[in-house]
Amino acid sequence: MGMNFQISDEQLAEINDYFTRFYDYNHWFFRLKTLDIILDNPEKFVNECGDEELKKENIEDYKLSLKTEIFFTFFHTAEALFSLMICVHSSKLPWLSMKLIKFKEICDNIRDTILQEKLSDEDIRFLFFNGIIGKEAERKDIKDSISFIRQYLKRMGKLFLDNKLYLEYKHGLRLITLNSQFKIIPENFGNQVTILTRKGTAHVYLDHTLLSKTGKDEQYKVELVTQSFDYQLYLRLAVINLQLIKNIIETRKQKLKLKPGEKMIVGIFDKHNLDELFKENYAEKFIFRLGRSQVQSNAKK
């Protein structure tokens, strides 16, 4: 990233060592594990562990809140993973570089590097199997894991780039989570037969399109967007993101402590099935846009 620091190599090493030893990837493990356990039986959790305030709340609203947290934890882990990858690969002080990197830079790197499959085997080995060398690096499970990681990052990166909802969540919670249902019924049939029904957990947010601009006056079309999500898909992917982050950190942590002849313990990804990981419930997948007839005007002074 072309950054230089006015500190000694010894101080750089101390900061990097501190970051590696204490980077808190377990934050996401505890969050995901807690959300998953509660969602398995939220009624039981509320009855046995909830206080009077929680017991007064609507249980369906509680479930929706837990599901949406899993959805956005996927995006949070993905942002951290891609940020770590960029900064560990290119910076002498990854901790500071992660602080300074722009969200747009992360997205551009995904488009230009991940989706174009420009990560070499050596790049992936350096990031996720750092310190695995010689015969160990030639093991079939390591090579298969590298192949999996390349394809996983490409498919996961495409999902991450569809991040409008993440930004709505991150910047002021500008969305609503609800159980949604819609039907398509032809207008010209007397018996009003439903030809398509979709229902599922969804986010609702406002979208807008600039139609025209005259001087300081801007004319907008406003749409109410309802977009479904399968929280179990995002739970699976968030767990893989967490495991990849753990590999980045733990391999470097172990390198600092290993003695000659000792072997490194690393996470292996050769048994994962990509299609199973990315499987969605298409019966509950939809996006519905309701446009407003009037055009909104925003006059800037």
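Starting afresh in each chain, residues are numbered from 1 along the sequence in its written order. It should be noted that, the model being predicted, local features are given only for residues of pLDDT at least 70 and side-chain atom pairs only at 80 or more, the latter also being counted only at that level, while totals for whole chains, interfaces and linings use all residues. Each side-chain value is derived from all of the structure's non-hydrogen atoms; neither hydrogens nor water enter the calculation.

### Quick look at the pattern of salt bridges
The term salt bridge refers to a side-chain nitrogen of Lys or Arg lying within 4 Å of a carboxyl oxygen of Asp or Glu. For the structure on display, the rule yields 25 salt bridges. Here D17 makes a salt bridge to R21, at a shortest N to O gap of 3.0 Å. Residue D17 and its partner R21 are located together in helix α1 (residues 9-22), separated by four residues, close to a single helical turn. Any residue under 20% of the maximum accessible area for its type is buried, any over 50% is exposed, and the rest in between are partly exposed; the area is computed with a 1.4 Å probe on protein chains only. Judged by relative accessible area, which is 23%, D17 ranks as partly exposed. Classification of R21 by relative accessible area gives partly exposed; the value is 40%. The closest approach of N and O atoms between D207 and K164, which form a salt bridge, is 3.2 Å. Of this pair, D207 sits in strand β2 (residues 196-214) while K164 is found in helix α11 (residues 164-170), placing the two residues 43 residues apart along the sequence. Accessibility expressed as a relative area gives 11% for D207, which makes it buried. Three or more residues joined by partner-sharing salt bridges are found here, namely K164, D207, K221, E223 and R289. Helix and strand definitions here come from DSSP, where helices need a minimum of 4 consecutive H or I residues and strands a minimum of 2 consecutive E residues; each element is numbered from the N-terminal end.

### Examining the packing of aromatic side chains
Here the distance between the centres and the angle between the planes together describe a pair of aromatic rings. Side-chain rings of Phe, Tyr and Trp (the six-membered ring for Trp) are treated as a pair once their centres are within 6.5 Å; stacked means planes under 30 degrees apart, edge-to-face means over 60, and tilted covers the remaining angles. Tallying each qualifying case throughout the model produces 23 aromatic pairs. Ring geometry for F72 versus Y169: centroids 4.0 Å apart, planes at 10 degrees, classification stacked. In this pair, F72 sits in helix α5 (residues 59-90) while Y169 sits in helix α11, placing the two residues 97 residues apart along the sequence. Arranged with centres 5.7 Å apart and planes meeting at 20 degrees, the rings of F148 and Y152 form a pair that is stacked. One end of the pair, F148, and the other, Y152, are both in helix α10 (residues 140-161), four residues apart, so they sit about a helical turn from each other. According to the relative accessible area criterion, Y152 is buried, its value standing at 0%. Here the aromatic residues F71, F72, F74, F75, F82, F103, F160, Y166, Y169, F229 and Y234 are joined through ring pairs into a cluster of three or more. When the NZ atom of lysine or the CZ atom of arginine is within 6 Å of a ring's centre and also within 35 degrees of its normal, the charge is said to sit over that ring. Between R252 and the ring centre of F126, over which it is positioned, the NZ or CZ distance is 5.1 Å.

### With respect to the packing of helix α7 (residues 103-114) against α10
Contact pair α7 / α10: the axes reach a minimum separation of 10 Å and the direction vectors enclose 140 degrees. Of the possible angle classes, the one that applies to α7 and α10 is oblique. Pair α7 / α10 crosses with left-handed handedness. Judged by residue contacts, F103, I106, C107, I110, R111 and I114 of α7 engage L153, K154, G157, F160 and L161 from α10. Class assignment for the residues of the contact of α7 with α10 results in eight nonpolar, one polar and two charged. For helices, the fitted line uses only the C-alpha atoms of the stretch in contact; every axis is such a line through C-alpha atoms, and the angle between N-to-C directions lies from 0 to 180 degrees. These descriptions rest on fixed angle ranges, namely under 35 degrees for roughly parallel, over 145 for roughly antiparallel, 65 to 115 for roughly perpendicular, and the rest for oblique. Crossings are sorted by hand: turned counterclockwise from the far helix by less than a right angle, the near helix makes the crossing left-handed, and turned clockwise it makes it right-handed. Every residue pair with non-hydrogen atoms within 4.5 Å of one another is taken to be in contact. The nonpolar class holds Ala, Val, Leu, Ile, Met, Phe, Trp, Tyr, Cys and Pro. Asp, Glu, Lys and Arg form the charged class, and all remaining residues, Gly among them, are polar.

### Here we look at a negative patch on the surface
A patch consists of residues exposed above 30% relative accessible area that lack any salt bridge, with like charges linked at up to 9 Å and nonpolar side chains (Val, Leu, Ile, Met, Phe, Trp, Tyr) linked at up to 5 Å. For the accessible areas, the method is Shrake-Rupley and the probe is 1.4 Å, while residue cover comes only from the protein chains on display. The charge count treats Lys and Arg as positive and Asp and Glu as negative. His and the chain ends do not count. Where a charge lies is defined by one atom per residue type, namely NZ (Lys), CZ (Arg), CG (Asp) and CD (Glu). A contiguous patch of negative charge, built from D51, E52, E53, E57 and D61, is present on the exposed surface. Structurally, E53 is set in helix α4 (residues 52-56). For E53, a relative accessible area of 60% translates into the label exposed.

### Topic: a nonpolar patch on the surface
A cluster of nonpolar side chains, Y18, F22 and W95, forms an exposed patch at the surface whose accessible area comes to about 350 Å². Among the secondary structure elements, F22 is positioned in helix α1. Residue classification places F22 among the partly exposed positions, given a relative accessible area of 49%.

### What to know about the side chain of N163
Here N163 is to be found in the loop between α10 and α11. Setting aside residues no more than four positions away along its own chain, N163 makes contact with F75, F103 and C107.

### Concerning the nonpolar core
Throughout, nonpolar core names a set of buried Ala, Val, Leu, Ile, Met, Phe, Trp, Tyr and Cys residues whose side chains join them through atoms within 4.5 Å. Of all hydrophobic cores here, the largest spans 71 residues; its most connected members are Y23, F82, M85, F128, Y152 and L153. Elements that contribute at least two residues to this core include exactly α2 (26-40), α5, α7, α8 (121-128), α10, α11, α12 (231-257) and α13 (274-277). It is α5 that contributes the most residues to this core, 16 residues altogether. Those residues in contact with L153, other than ones at most four positions away along the chain, are L81, F82, M85, I114, L119, F128 and L244.

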